[in-house]
Amino acid sequence: SQQGEEDPQALSIQEGENATMNCSYKTSINNLQWYRQNSGRGLVHLILIRSNEREKHSGRLRVTLDTSKKSSSLLITASRAADTASYFCATDAAGSQGNLIFGKGTKLSVKP
Amino acid sequence: DTGVSQDPRHKITKRGQNVTFRCDPISEHNRLYWYRQTLGQGPEFLTYFQNEAQLEKSRLLSDRFSAERPKGSFSTLEIQRTEQGDSAMYLCASSPWTGDNNEQFFGPGTRLTVL
């Protein structure tokens, strides 16, 4: 079963704009991770945020986590055409053995 | 390139045939995971290994599926008597799991098409 729900399902923006994707989940977590997947390829880890963290930055990426609302957001600033991909949130549920539960993803299209 | 490799990258088979996929993880990673991904969906967990021990299996993993990691290095996933519903991308990931950080490194996947 899939725990995370990303919103929106698809997002189309112009190069240089910011892109925000949201993720909601259902159970308590150890951490939440964001991954990127280019069409037909494997997933690439972007960032991990632990349950006791509220915000994390990595380059042009900013992730927030609100455990009281069971939600997270991924902000990509100054987007580039190369950011075009699907983005997935994945939760490491509390009490689990480390396997991740993924959402359905947000398909981001950045137009040059 | 994450350092995780999978072979083959594509497999087309006829219904009822057996198929086997291989995953070579990052060598120092103790955990290896298998996921399945269908079109428009996120990956779904199938099973994972801690070194050579298979510690958890999803209910998605029917009796026709078997996975091994004989020496705690590479892993194989076999599907017997394939069905059209098995058509999907099969992803392998490895992790240096320390209990605090289970960042996973994914391979490129094996795309299975069952005719």
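About the cut-offs
Residues numbered from 1 in each chain as written. Chains lettered and ligands numbered in written order. Predicted model: local features only at pLDDT ≥ 70, side-chain atom pairs only at ≥ 80, totals over all residues. Heavy atoms only, no water. Phe/Tyr/Trp six-rings, centres within 6.5 Å; stacked < 30°, edge-to-face > 60°. Helix = DSSP H or I, 4+ residues; strand = E, 2+ residues; numbered from the N terminus. Buried < 20%, exposed > 50% of the residue type's maximum accessible area, 1.4 Å probe, protein only. Contact = heavy atoms within 4.5 Å. Buried area = accessible area lost by both parts, 1.4 Å probe. Salt bridge = Lys/Arg side-chain N within 4 Å of Asp/Glu carboxyl O. Nonpolar A, V, L, I, M, F, W, Y, C, P; charged D, E, K, R; others polar. Pairing = 2+ DSSP bridges. Axes fitted to C-alpha atoms, helices over the stretch in contact; angles between N-to-C directions. 1 Å grid on protein atoms, 1.4 Å probe; cavity = no way out; pocket = protein on both sides within 12 Å on 5 of 7 lines; lining within 4 Å. Points joined across faces, edges and corners; volume = space filled by probe spheres on them.

**Comments concerning the packing of aromatic side chains**
Residue and element names in this part refer to chain B.
Move 1: Throughout the structure, instances matching the rule amount to 11 aromatic pairs over all chains.
Move 2: Judged by centre distance (5.4 Å) and plane angle (40 degrees), the rings of phenylalanine 21 and tyrosine 90 are tilted. Note that phenylalanine 21 is positioned in strand 3 (residues 19–24) and tyrosine 90 in strand 9 (residues 88–95), a separation of 69 residues in sequence.
Move 3: On the accessibility criterion, phenylalanine 21 (1% relative accessible area) is buried.

**Describing the interface of chain A and chain B**
Move 1: In this complex, chain A contributes 22 residues to the contact, which on the side of chain B involves 26 residues.
Move 2: The contact between chain A and chain B buries some 1,900 Å² in all, and 44% of this surface belongs to carbon and sulfur atoms.
Move 3: Linking chain A to chain B there are 0 salt bridges.
Move 4: The residue makeup of the side of chain A that touches chain B, split by class, is 6 nonpolar, 12 polar and 4 charged.

**Overview of the pattern of salt bridges**
All names here are of chain A.
Move 1: Summed over the entire model, instances satisfying the criterion amount to 6 salt bridges over all chains.
Move 2: The shortest N-O distance in the salt bridge between glutamate 53 and lysine 56 comes to 3.8 Å.
Move 3: Its salt-bridge partner being arginine 60, residue aspartate 83 comes within 2.9 Å of it at the nearest N-O pair. Of this pair, aspartate 83 sits in the loop between strand 8 (71–76) and strand 9 (85–93) while arginine 60 sits in the loop between strand 6 (55–58) and strand 7 (61–66), placing them 23 residues apart in sequence.
Move 4: Of the residues examined, arginine 60 reaches a relative accessible area of 23% and is grouped as partly exposed.

**Here's the deal with the sheet that holds strand 6 of chain A**
Residues and elements named next belong to chain A.
Move 1: Read from one edge to the other, the open sheet built from 5 strands follows the order 1-3-8-7-6, with strand pairing classed as antiparallel. Every interior strand has two partners, whereas the edge strands, strand 1 (5–7) and strand 6, have only one. Neighbour to neighbour, the strand axes of the sheet diverge by 15 degrees on average, direction disregarded.
Move 2: Inspection of the sheet shows strand 1 paired to strand 3 (residues 19–24) by 3 bridges, in the antiparallel sense. Across the sheet, residue aspartate 7 finds its bridge partner in strand 3, namely asparagine 22.

**Thoughts on the layout of surface pockets**
Move 1: Its boundaries defined by the atoms lining it, the largest pocket holds a volume of some 520 Å³.
Move 2: Contributing to the lining of the largest pocket are 23 residues, with Gln37(A), Ser86(A), Lys107(A), Leu39(B) and Gly40(B) lying nearest its centre.
Move 3: Looking at the lining of the largest pocket, the elements that each hand over two or more residues are strand 9 and strand 11 (106–111) of chain A together with strand 9 of chain B.
Move 4: Element by element, the count of residues in the lining of the largest pocket is highest for strand 11 of chain A, at 4 residues.

**Comments concerning the sheet that holds strand 1 (residues 5–7) of chain B**
Residues and elements named next belong to chain B.
Move 1: One open sheet holds the 4 strands; their spatial order is 1-3-8-7, and the pairing between them is antiparallel. At either end of the open sheet lies a strand with only one pairing partner, and these are strand 1 and strand 7 (65–68). On average, each strand axis in the sheet is tilted by 15 degrees relative to the strand beside it, whichever way the strands run.
Move 2: Bridge analysis of strand 7 against strand 8 (residues 75–79) gives 4 bridges, and the strand direction is antiparallel. Pairing of alanine 67 across the sheet is with leucine 77, part of strand 8.

By themselves, these observations are geometric and do not establish any function.
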